[in-house]
Amino acid sequence: MSTDTEDANDLRERITNFLRRNFPQIQMHGGSAAIEEIDREEGSVTIRLGGACSGCGISPMTIQAIKTRMTKEIPEINEVTARTGMEQQEGMSGGSGGMSPSFPGESRGGDVGGDDDEGPEAPF
């Protein structure tokens, strides 16, 4: 196995472990989180939230928490896109159509180790 393949597998495993460790409520509430795509060169990852996450009223808070925490905890990741299957919201990336809510702590910027507001906590 090449080093590039090992590095890609290591990053995929760290992202999967991050999701399991930080967001066990996704699975506990009948949802799922799967990695759709990782672009190491761009430092981006796309996560698909499925099951009970599709249409869940607190999915936007969960998505925001994933984005904020993952970019802080995994240095190779600069951008996180999360999809719930409700294509109008598409990870709240502000794409075409519909309104895109904003949350405190949405941008990574500044001092990563500071007391940045990570936005609302999910109520579970």
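Within each chain, residue numbers correspond to sequence positions counted from 1 in written order. With pLDDT at 70 or above as the cut-off, local features in this predicted model cover only qualifying residues; side-chain atom pairs require 80 or more to be listed or tallied, and sums for whole chains, interfaces and linings still use all residues. Each side-chain value is derived from all of the structure's non-hydrogen atoms; neither hydrogens nor water enter the calculation.

An unreviewed UniProt entry lists the chain under the name Iron-sulfur cluster biogenesis protein NfuA, with Haloarcula rubripromontorii as the source organism.

1. Structural notes on the pairing of strand β3 (residues 79–83)
In terms of strand pairing, strand β2 (residues 44–51) meets β3 through five bridges, oriented parallel. Note on β3: the bridge partner recorded for Val-45 is Val-80. Regarding topology, helix α3 (residues 59–73) serves as the crossover connection from β2 to the parallel β3, and that connection is right-handed. Here, strands pair whenever DSSP counts at least two bridges between them. Numbering of helices and strands starts at the N terminus; helices are DSSP runs of H or I of at least 4 residues and strands are runs of E of at least 2. Crossover handedness is defined by viewing with both strands directed away from the observer: a clockwise path from the first strand over the helix to the second marks the crossover as right-handed.

2. With respect to the pattern of salt bridges
Side-chain pairing between opposite charges can occur once the charged atoms of the two side chains come close. What makes a salt bridge here is a side-chain nitrogen of Lys or Arg within 4 Å of a carboxyl oxygen of Asp or Glu, nothing more. Counted by the stated rule, this structure contains five salt bridges. Linking Glu-76 and Arg-14 is a salt bridge whose minimum nitrogen-to-oxygen distance equals 2.6 Å. Highlighted residues: Glu-76 in the loop between α3 and β3 and Arg-14 in helix α1 (residues 3–22), separated in sequence by 62 residues. A 1.4 Å probe rolled over the protein chains alone gives each residue an accessible area, and that area as a share of the maximum for its type sets the label: buried under 20%, exposed over 50%, partly exposed in between. Take Glu-76: its relative accessible area is 31%, and that puts it in the partly exposed class. For Arg-14, a relative accessible area of 28% corresponds to the partly exposed category. Between Arg-83 and Glu-36 there is a salt bridge, with the nearest N and O atoms lying 3.6 Å from each other. Taken together, the residues span a long stretch of sequence, with Arg-83 in strand β3 and Glu-36 in strand β1 (residues 31–39) at a distance of 47 residues. Look at Glu-36 and you get partly exposed, because its relative accessible area is 40%.

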